[in-house]
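Residue strings, one per chain:
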Amino acid sequence: MDAKSRTCLIRHRQALEKDIKTSYIMDCMVSDQVLTLQEEEKVKQQNTQKERAAMLIDTLLKKDNNAYRSFYNALLHEGYRDLAALLQDGIPVFSSGNGKNSMDEMTSYVKTTLCEGGVPQRPVVFVTRPKLVDAIKQKLCSLGSDPGWVTVYGMAGCGKTVLTAEALRDHQLLEGYFPGGVHWISVGKQDKAGLLIKLQNLCSRLEHDSTLSQRPPLNIEEAKDRLRLLMLRKYPRSLLVLDDIWDSWVLKAFDNQCQVLITSRDRSVTDAVSGNKYEIHVESGLTHEKGLEVLALFVNMKISELPEQANCIIRECKGSPLVISLIGALLRDFPSRWEYYLKQLQNKQFKRIRKSSSYDYEALDEAMSISVEQLSNDLKDYYKDLSILPKDVKVPTKVLCILWDMETEEVEDILQEFVNKSLLFCDRNGNSFHYYLHDLQLDFLTEKNRNQLQELHKNIVNQYKRYYKLHVPVLSQEDCMYWYNFLAYHMAGANMQKELRDLMFSLDWIKAKTELVGPAHLIHEYVEYSSVLDQKDSIIRENFQEFLSLNGHLLGRQPFPDITQLGLCQPETSEVYQQAKLRAQRETGTFYLEWINKKSLKNLSRLVVRPHRDAVYHACFSRDRQRIASCGADKTLQVFKAESGERLLEISAHDDEILCCTFSADDKYVATCSADKKVKIWNSRTGKCLYVYEEHTEQVNCCQFNNRRGQYLLATCSDDTFIKLWNLKDRYCRNTMFGHVNAVSHCRFSPNDDYIASCSTDGTVKLWDVHSANELKTIEIKEFFRNADEQQDDVEVLVKCCSWSRSSDTILVVAKNKLLLFDVTTCNLLTQVIISHHSTIQYCDFCAGDELVAVALSHCSVELWNIKSLSKVADCRGHMSWVHCVTFSSDGSLFLTSSEDQTIRIWETNKVCKSSDAVLKSELDVVFHNGEVMILAIYNQKHIQLINGNTDSIIIQTEPQESLICCCCLSEDLKFAAFGQENGVIKVLQLLDGKVLTSREAYRTSVQHCRFTTDCQTLISSAHDAVIQVWNWQLNECVFLRGHKEAIKDFAFLENSKLLSWSFDGTVKVWNITTGITEKDFACHRGAVLSCAVSPDGSRFSSTSADKTAKIWSFESSSVLHELKGHEACVRCSAFSPSNKLLATGDDKGDIRIWDILTGELLHFCSSVTVDEGEPTHGGWVTDLSFSPDSKMLVSSGGYLKWWDVTTGESLQTFYTNGTNLKSIHVSPNFEVYVTVDNLGILYVLRKL
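Residues numbered from 1 in each chain as written. Predicted model: local features only at pLDDT ≥ 70, side-chain atom pairs only at ≥ 80, totals over all residues. Heavy atoms only, no water.

This next bit is on the overall build of the protein. Within the protein, the secondary structure is distributed over 33 helices and 68 strands. Each principal axis of the C-alpha atoms in the protein carries an extent, and together these give about 120 × 80 × 65 Å. Within the protein, residue pairs in contact and separated by at least 24 positions form 53% of the contacts whose partners lie at least 6 positions apart. As displayed, the protein offers around 51300 Å² of accessible surface, 46% of which is attributable to carbon and sulfur atoms. Considering the protein, the positive charge centre built from 140 side chains and the negative charge centre built from 162 side chains are found 3 Å apart. (Helix = DSSP H or I, 4+ residues; strand = E, 2+ residues; numbered from the N terminus. Contact = heavy atoms within 4.5 Å. Areas by Shrake-Rupley, 256 points an atom, 1.4 Å probe, with all protein chains shown as cover. Lys, Arg positive; Asp, Glu negative; His and termini not counted. Charge placed at Lys NZ, Arg CZ, Asp CG, Glu CD.)

Spatial strand order, β2-β3-β4-β1-β5: five strands in an open sheet with parallel pairing. Edge strands, defined here as strands with exactly one partner in the open sheet, are β2 (182-188) and β5 (276-281). Between one strand and the next, the sheet's axes are offset by a mean angle of 15°, whatever the strand orientation. Bridging between strand β1 (residues 148-153) and strand β4 (residues 259-264) involves six bridges; their strand directions are parallel. Looking at β4, one finds that G148 is bridged to Q259. Set on the sheet, helix α10 (residues 160-167) makes contact with β1, β2, β3 (239-245) and β4; between it and β4 the angle comes to about 150°. (Pairing = 2+ DSSP bridges. Axes fitted to C-alpha atoms, helices over the stretch in contact; angles between N-to-C directions.)

The biggest cluster of nonpolar side chains holds 90 residues, and the ones touching the most others in it are L386, F418 and M504. Among the elements that make up this core, the one with the highest residue count is helix α25 (residues 480-493) (10 residues). Not counting the four nearest positions on each side in its chain, F418 is found in contact with L375, L379, Y382, Y383, L386, L423 and L424. Among the nonpolar cores identified, the runner-up in size contains 31 residues, and L821, C847, V853 and V855 belong to it. (Core = buried A, V, L, I, M, F, W, Y, C linked by side-chain atoms within 4.5 Å. Buried < 20%, exposed > 50% of the residue type's maximum accessible area, 1.4 Å probe, protein only.)

Close contact between helix α1 (residues 3-11) and helix α6 (residues 65-77) brings their axes to 10 Å; oriented N to C, the two are set at 45°. When the axes of α1 and α6 are compared, the pair comes out oblique. Viewed along their axes, α1 and α6 form a crossing whose handedness is left-handed. Only N65, Y68 and F71 of α6 make contact with α1, whose side of the interface consists of S5, C8 and L9. Among the residues making up the contact of α1 with α6, the classes are represented as four nonpolar, two polar and no charged. (Parallel < 35°, antiparallel > 145°, perpendicular 65-115°, else oblique. Left-handed = near helix turned anticlockwise from the far one by under 90°. Nonpolar A, V, L, I, M, F, W, Y, C, P; charged D, E, K, R; others polar.)

With 13 residues, helix α5 (residues 49-61) ought to run about 18 Å at 1.5 Å a step, and its terminal C-alpha atoms sit 19 Å apart, in line with that. Listed in full, the buried residues belonging to α5 are A53, A54, L56, I57, T59, L60 and L61. (Expected span 1.5 Å × (residues − 1).)

Further remarks concern helix α24 (residues 453-468). Taking 1.5 Å per residue as the helical rise, α24 with its 16 residues ought to reach 22 Å, and the 23 Å between its terminal C-alpha atoms agrees with that figure. Residues L453, L456, H457, I460, V461, Q463, Y464 and Y468 constitute the buried set of α24. Buried residues of α24, viewed axially, fall in a sector of 160°; they line one side. In α24, the exposed positions that point more than 90 degrees away from the buried face belong to E455 and R466. (Arc of directions from axis to C-beta.)

Counting across every chain of the model gives 45 salt bridges. Ionic pairing is found between E499 and K465, a salt bridge with its closest N-O pair at 3.5 Å. Separated by 34 residues along the polypeptide, E499 in helix α26 (residues 497-504) and K465 in helix α24 bring together distant segments of the chain. On the basis of relative accessibility, which here comes to 34%, the residue K465 falls in the partly exposed class. In this structure, K641 engages E646 in a salt bridge whose closest nitrogen and oxygen atoms are separated by 3.3 Å. (Salt bridge = Lys/Arg side-chain N within 4 Å of Asp/Glu carboxyl O.)

Turning our attention to the packing of α25 against α26. In contact at an axis separation of 8 Å, α25 and α26 are set at 155° when each is read in the N-to-C sense. On the basis of the axis angle, α25 is roughly antiparallel to α26. For the pair α25 and α26, the crossing hand works out as left-handed. Facing L487, A488, M491 and A492 of α25, the residues of α26 in contact are E499, L500, L503 and M504. Among the residues making up the contact of α25 with α26, the classes are represented as seven nonpolar, no polar and one charged.

Laid out in structure tokens, this is it:
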């Protein structure tokens, strides 16, 4: 050793002896072959930790420079960075004159790079396989500087990991090709939660020296983005190593245009990712000679000195490195037992662990049993405890510390015994250790201890409860994710019914778990463990499962909603509501709302999932109803469980929007078609792409499999006007069907597979013979939309889709707003239904039984019609935007809908058909009078309803009107009501008996607004024109307010018979409603004036505009006092505070700003801190604002309702309505009752708790 190195070691000897633990440090040094096993044993024989450290340093001082370097790197690897820093100045330099090429050695640079990257060290016993190592290096060099994938594949246990790590021990390779470093992550078999943990750990490791501490990513997509930025900015030209990849979907999370090396059993695992690809195959077994070499190294003998039994053992081990290592580890401890272990392998007929085992190692379970039998009795007990570990999960040391009630070091020492005997595997991630069993080892233990599994599960649960008591783990604790993912699994395994119910029926647990891993896993657990949860009754479990199924799409994304507030929206009989009410009463400082009229609302959806990040164009059930496939604008194909929404596959399937997907008749395949002109066939279980068809020349709109099992025919149609028929066994299409003269939007096989029907924008439906591909019939749909005076060519009809009856005798066709049913044989029209006058039909599907038809509409809803009685039997509302698709399950018991709002809803057909929810228009009027909440609403566009908001009872409902009702209003004394209609008529009602007192044909266009004056004798109204009418309905006298040049936006009352109006012409006017004279005229904005508000003292008013500004004006001087700039979108609403000091403004981006009205200064910006995936803060436009009487709180409406702290600008509470686009919020004078209607027509009367 150099004098400088020796001096440095002696100088810092005292600090080293005080702190280091020698066991793991010596492991590293033995691996580097600078410390012998005999020297290691000599150190271990010392009595105390300090004596062992002193002996190790004495041994080091007798060695060379390599020993110093190895000791330094071992300190780094084991987390002693401060001590390693003390030795840094003494690191000896490499000498180029020693006859060795420094590039071929394990240089300090290589060791540091690999150690920091988490690359596994060489096993204590290592034999080189130079051809394979060189092949891996060569493929890595072939990547150059381009992104791509190197796959090292072969059977489990063949040495892929060891060979990959060895290839990276090359100075020239690392310095020349990967100067950014190497980042190793052991992946293994993972579910989504496990993969997220891996990604969180990797991001944390890569950010370790970052000045800003970031929270862990909360979902895989966020983790992927974080990793992409880290690799691009902090670690360019680095290598990412993914060890032990089992599933192709896992690679999606790492598909970030970087350089990746993976080890896997599956050669095709990279088929689903992009970039250059290279492969190296590792033979499944060692050669006989290499096997002998491994045994020789274990027992520290030359090959020539091995006994004859060695050859027999190698043959019995089938050349498996894993099995040879197991036997070699035993022989190292008992070198005289060659004959004994050979006989154990030859004669013991152990029961096969799994008859259908995918592992090809006949000797593995035998070697397992032998290894376990050699353990001491106490170690056998500890090893037995591992029987209940979940499969394919790497368990943090902390979990086993809790299980065994031991210190970390004690647990690691026990586990290291198992690792040394190849009975357990260790994944070292920086300073933390994770342990896992090979799944055959786990199966072996499970089978062996089957009668004790329940007690073992009970033990780990009891230890968890003892450790955490009433608390739950937090994310900063390394064992946190394990308990959230598997605590319920252990409780169910122990049949601990009470504990499992207490856990899974806890809103605290639901909140914590969904925020960490999303809702799907928890829904899956409700289904998986229902037999334990339902031992008393199933009602409570069903309450929680329904709550999560319908709100999980909110709970799993940011900003995380208040789970107590969500729970308060459940039915009062629900256990979820009862818990939420108790929580709300305990949390006295928090603002909560009771939805007091929710009794009338029934949740018709069974499950709501949000699998995509953009519009969902199509979704369908598998034939067995267990899975759902979906696709959309985000270019991905998703496959998930129909019961829970748990994601099974996520595939970036196309280069453009995916327009349709379909399962084959046996559910084996999924087909997709896209705007990229391609059709692809996928294995529905593995996600592997099997075929790509590229014969269409325009976007492919629809794909459908035939209905017979085993005969895989696929029909596709395109904007290129062709329908193509593909046989999956052939690369090219079987037939091309010509005939349409415009884009073909949809195609479907008849249930008997004899025909294909196609729908086109040319206004026709064509029927084709499947066997000959000949056109059989054409139905001119345009004929049924032509008026008497129109020529056929003048009519444009886009035929959207069609659906066959189960008998194949009739076909249902959708165009514009009509359903048309045709006889297939005669092409005669059997019946037609006009579904809606205000919406177009997007999709339709026949239910099994041929009576029920589901239609998806552009105005957010889905309707179910009985095609025989021509009656609507259900109206399914819940989506917040266009519904693109609706499809039934094969038995008709369920149907699903997919929408522009990124969600898919699953509905139960029978449950939906029994419901008849009222639908209200968003225009309503509310009077708060003596504690009563009286609401005037428009019901189903034809009726006026007077509703008592406190009791949710309908006091009056009018007969249906001859024209649709557009607006309504109440008089303050609650004696009269008025409403305006689409035909321009205004009517006044007497509320005592609902009798129409008078009416007036006021406008030629639909009435937009009407309001009573305070004396209730005059009604002021506006329509889609520039005139306001002031109608004294009792005297039947009318004054016309003319002056605006464009349509009136709205108006508000001022004192002394004055009226303030604002218009799309950019002006605001003050009128005398008695004389009809304009008293003041304000040219306010270049764009339309969208709202005005009047200050409490009547001296000022505000105006907001589409020009993205708001202004404060003086009535007295008719001048602008302040122009409020800063909004980035149309400013849609404003409100003065009762204190007359503040003005709040809201815009179409979802932002709210609070201003000082005296100075025009911006005081606060109301916005949530984090918003998921770029969504607006408010879920859309801010449409209305209202201050509390003390001016300390503000309520806003938009996509949902939000309450704000005016002083800080922070959100106090959010109420998520079932629908969206709330146009207004009516607030009681004491700021305790709030009334609004969403775009689904659902009324909300909310009271502050």
